[in-house]
Amino acid sequence: MRIIRAKDYDAMSAAAARLIAAQILLKPDCVLGLATGSSPVGAYQNLIAWNKTGALDFSAVRSVNLDEYAGLTPDHDQSYAYFMRHNLFNHVNIDLKNTNVPSGISGDGECQRYDKLIADLGGIDLQLLGLGVNGHIGFNEPDDHFSLGTHKVTLTESTRQANKRFFPSLDEVPTHAYTMGVRDILQARRVVMVASGTSKAQAIKDAFFGPVTPQVPASILQYHPDFVLVADEEALSLI
Ligand code: GLP
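Residues numbered from 1 in each chain as written. Predicted model: local features only at pLDDT ≥ 70, side-chain atom pairs only at ≥ 80, totals over all residues. Heavy atoms only, no water.

A.B. asks: Help me understand a nonpolar patch on the surface in this model?
C.D. replies: A contiguous nonpolar patch, built from M1, I3, F209, L238 and I239 and spanning about 450 Å² of accessible area, is present on the exposed surface. Looking at where I3 falls in the secondary structure, it is placed in strand β1 (residues 2-6). Owing to a relative accessible area of 36%, I3 belongs among the partly exposed residues under this scheme. (Patch = residues over 30% accessible without salt bridge, like charges linked within 9 Å, V, L, I, M, F, W, Y side chains within 5 Å. Areas by Shrake-Rupley, 256 points an atom, 1.4 Å probe, with all protein chains shown as cover. Salt bridge = Lys/Arg side-chain N within 4 Å of Asp/Glu carboxyl O. Helix = DSSP H or I, 4+ residues; strand = E, 2+ residues; numbered from the N terminus. Buried < 20%, exposed > 50% of the residue type's maximum accessible area, 1.4 Å probe, protein only.)

A.B. asks: Mind showing me how you'd approach the sheet that holds strand β8 (residues 176-179) here?
C.D. replies: Sheets are built from strands that pair by backbone hydrogen bonding, the pairs being arranged parallel or antiparallel. Read from one edge of the open sheet, three strands run β4-β8-β7, paired in antiparallel fashion. Whereas interior strands pair on both sides, the edge strands pair on one side only; in this sheet they are β4 (67-69) and β7 (151-154). Averaged over all neighbouring strand pairs, the angle between strand axes comes to 25°, with direction disregarded. For β7 and β8, the ladder comprises four bridges, and the chain directions are antiparallel. When the sheet's bridge partners are listed, H151 is paired in β8 with T179. (Pairing = 2+ DSSP bridges. Axes fitted to C-alpha atoms, helices over the stretch in contact; angles between N-to-C directions.)

A.B. asks: I keep staring at the environment of Q112 and nothing clicks. Help me out?
C.D. replies: Summarising the element assignment, Q112 is placed in helix α4 (residues 109-120). Sequence separation between Q112 and H151 is 39 residues; the distance between their C-alpha atoms is 8.5 Å.

A.B. asks: Teacher, can you tell me more about the pattern of salt bridges here?
C.D. replies: One side chain can pair with another of opposite charge once the charged atoms of both are near each other. Taken as a whole and judged by the stated rule, the model has eight salt bridges. For E110, the salt bridge goes to R113, with nearest N and O atoms at 2.9 Å. Highlighted residues: E110 and R113, both in helix α4, separated by three residues, approximately one helical turn.

Take a look at the structure:
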């Protein structure tokens, strides 16, 4: 595991964007595993700026997103499909047909379909991750075991509380989600996590300086051979 210590959110975003841009330059038709949440937005803004100058070409890039709320259609303004279009896809020259987000409305066959899709793409070259305040990755919540493939999860109260800022009220935050499992994430050839702010400091300490346990899902990344944590000083303040 490698840690890139950034001064603040902007420096973290620029450092993470450089890693993603390097991946695209090395392999223009790479498969990017993408994440939602406020943590990766700044990195996406850097990528958009480089695409606009012509320095970065997304025309052959393929993408698979980590997760989606159960029950939300791709047009719902809090769906992760909508988030990706508005925060990245609509602003770069990626072919929307090459982008994939789990469907929140297709039912249980979706999990198998999504794992097969990732395999058919040849696996993920670079997986970008955020970090939940309870140590979750994607929507892999603390549990007594690690789930391997894409699966449906019941969201914890802490995750629903953390994400309610995006919804009119807590009642409207979905109770379930679909997420890639830890095998999907660990099989990515490179994993890059972005984390910013004091709210993530305890989760970073638990995940990367404590035991590997499904109670802190991100801790499994300690086993990944090419894992880079890009975090700002506040997020690293407890280590
Ligand atoms: C959600 C997403 C995660 C994300 C997490 C943290 O729960 N499913 O993929 O990492 O939120 O979000 P933020 O970056 O906004 O703190």
